[in-house]
Amino acid sequence: MKFLTFADTKIDSFLHMQLIDLAKTLSRDPKMDVEFSYHSYLNKPGHVLHVSQFWMTYPASLQLHGLKSEVYLRSYGNFFFSDHTSLQEALQSLKNEEHFQFLKHLLLFSEDFRLEKVCVTKRPGMSVSFLERKKVLLTHYHRQYRQHIQQRRWLDAFFCCIFLFANHRLVPLQTPLKEWYVELCHDLIKLNTAGSTSELVAVIHDIKRALRTFNERDMTSSYLSFYESEKLNFKDISRENEVKAPHSQTASEDEKSSDETEREEMPSWHEETSSPSDSFLQFDLDQGTSTDLLGEGGRKAEEGDQAFGAVQAGAKDSKGKDFKGETGASIDQTDGRSGQGLFPYGEMNRFAVEKKILPKKPSFQEVQDYQEFKSAVQSSVSLLKQSFLKTIEHKKNVPNHDLHFGRLNKRLTRLLTDKNPRLFFKKAESPQELDAVFTLLVDCSASMFDKMEETQQAIVLFHETLKAVRIPHSIVGFWEDAADAKKDSQPNYFQEVISFTSSLKNQSGPEILQLEPQEDNRDGYSIRKKAEDLLRRKEKQKFLLVFSDGEPAAFDYEDHGILDTYEAVANTRKMGIETLGMYISNGKVTEEAQNLMKNIYGSHQVVVPSAAELVSYLVPVLRKLLFRLS
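Given the structure is predicted, the values throughout are model-derived calculations rather than measurements.

Undergrad: Requested: an account of the nonpolar core, with residues and values cited.
TA: Counting 80 residues, the largest nonpolar core has F102, Y145, F158, L177 and I207 as the members making the most contacts within it. The leading source of residues in this core is helix α6 (residues 154–166), at twelve residues. Sequence-distant contacts of L177, defined by excluding residues within four places in its chain, comprise Y145, I149, W154, A157 and F158. By size, the runner-up hydrophobic cluster in this structure holds 47 residues, among which are L461, I475, L580 and L629.

Undergrad: Go over the packing of aromatic side chains with me, naming the residues and quoting the values.
TA: Enumeration according to the criterion identifies 24 aromatic pairs in this entry. Ring centres of Y76 and F81 lie 5.3 Å apart, and the angle between their planes is 70 degrees; this geometry places the pair in the edge-to-face category. A residue is classified by how much of its surface remains accessible, and Y76, at 9% relative accessible area, is buried. F81 sits in the partly exposed class, given a relative accessible area of 28%. Here W479 and Y493 contribute two aromatic rings whose centre-to-centre distance is 5.7 Å and whose plane-to-plane angle is 15 degrees, an arrangement assigned as stacked. Taken as a pair, W479 in strand β11 (residues 473–480) and Y493 in strand β12 (residues 490–498) lie far apart in primary sequence, 14 residues in all. The buried category is assigned to W479, whose relative accessible area is 2%. Here a set of aromatic residues connected by ring pairs shows up, and it is made of F109, F113, Y141, F159, F163 and Y223. If you follow R350 out to its NZ or CZ, it ends over the ring of F343, 6.0 Å from the centre.

Undergrad: Lay out the pattern of salt bridges in plain terms, naming residues and giving numbers.
TA: Between side chains of opposite charge, pairing is possible as soon as their charged atoms come close. This structure, assessed with the given rule, holds 18 salt bridges. Linking R528 and D564 is a salt bridge whose minimum nitrogen-to-oxygen distance equals 3.0 Å. Of this pair, R528 sits in helix α12 (residues 523–535) while D564 is found in helix α13 (residues 561–574), placing the two residues 36 residues apart along the sequence. Side by side, R528 and D564 carry an identical accessibility label, which is buried. A salt bridge links R536 to D533, with the nearest nitrogen and oxygen atoms 2.6 Å apart. A cluster of three or more residues bridged by salt bridges with shared partners is formed by E354, K356, K529, K530, E532, D533 and R536.

Cut-offs used in this document
- Residues numbered from 1 in each chain as written.
- Predicted model: local features only at pLDDT ≥ 70, side-chain atom pairs only at ≥ 80, totals over all residues.
- Heavy atoms only, no water.
- Core = buried A, V, L, I, M, F, W, Y, C linked by side-chain atoms within 4.5 Å.
- Buried < 20%, exposed > 50% of the residue type's maximum accessible area, 1.4 Å probe, protein only.
- Helix = DSSP H or I, 4+ residues; strand = E, 2+ residues; numbered from the N terminus.
- Contact = heavy atoms within 4.5 Å.
- Phe/Tyr/Trp six-rings, centres within 6.5 Å; stacked < 30°, edge-to-face > 60°.
- Lys NZ or Arg CZ within 6 Å of the ring centre and 35° of its normal.
- Salt bridge = Lys/Arg side-chain N within 4 Å of Asp/Glu carboxyl O.

Set out below in structure tokens:
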């Protein structure tokens, strides 16, 4: 379990899902995933599109447009219209050049500039996001340009100047920038007219020869990067292969050196522009030399701005318990994602292995402790039972004749004799037993160590209430064994302390106290497994209630745990199982906790300030559910 108090940067799972769906739709790749990284780039063979954290400090509206523009550029532009082979070969041939960083940045910027025009031309709806992106990046590049001028990093300033000129932002040109621009202007204009990646590469080689006369050190800042696939066989790929032109903001000089390898997994901030016009860099040099037309200040981050980033979770140490002797069944593995008939329990859980633990015979101490818990919640159980029975009785006694709506009866003469005739009736329904079943999933991760006793009391309330109104139910603790989890095998334990068959027996209950804090939690997998059990039941109404105290965290599950759990909940509801989540906080309800539960369970969730208040929060939840059944 991952403690939310340490998770200051969160991924908005609904936005993440939106970006994933957008990337899949544009690329037509059903396996395409989206990850948040320091850079933006496309890993086509790996089916992963990375979006940069450059936008994390901006307001939500700009953040959304910035991230969408990166998805447009990578999943549509790079995916279909970029020649990865030409780019990779060109960058390899430039490796030994004195001004390699500048040439690389110029090539990648020109390619992105070209792809943006393609995107906007073929899909005009993308223009809004690219326009918002342009506004932000122009401000950023102008700020960087002034810093480079002050620090006399001339090639860095020249690259920023090219970006600004390409997007019609005029800035004063100082020596030696003016001389460089005059010398390279003809070639720079060619970059705008190039219609393919190979044409851009040819122009860059011309610029390379001209740069050899420049007596200036190479760029030291890093704005763009390119992903080169390892041991790439160009005969086996198409011209539109995996391009990584990561969008990123400037990294510091010390972060990146000119000898950095191109096959980097952490590219730098990518800066691109919006839809350009045909007058790329075509104006007199004296324009803008005396004025600063910026008119925009750098936007500072606000406290409420949403931050993006994967939050790492460490695996908890094992308590030394050996469950290897327990029965287990490994999951059938097929190709694909959950909900699409590919991975039955979700792609992130393709190596999860189910292991069941049967309850032991309760000890004398457990029986005594259970009786204490039962006594503590008995008043609440009685109130819930009485309320439930009264509701049923009321529904039985409701008149079913002489109504204003319903079925038309045969006494139509009242149309003439009565001023306000009641001509309808409802068919009397024979009393039936409640056709419902419940499952309670209890998070048994290590972070529950200081909450388990209060949680057990709430579980007793749940069990005794449903037993009192004769509704079958099961109670299952779940966790993942962090010590034995491997890349191709992650054992997940399910301790069913109350089963459907034993739930209504008078002596059932003390087994609940056998639930103890264990290790990690893989919520999405557990929800899917227990939903399977509920689907096997014949009852018409099915409910799944989840007690948890934080974000899902398990082996290789940190980055996508929230999304996988959200998908599990959504798919479970589509099956007709109503799924509710109850989050147990650490004494204070935080905004992070509320957003987490909302992102996973939508409106069907309750955030409890502390475990001590769980019982009082559970009572109205059970009352509402029972009212729906009665």
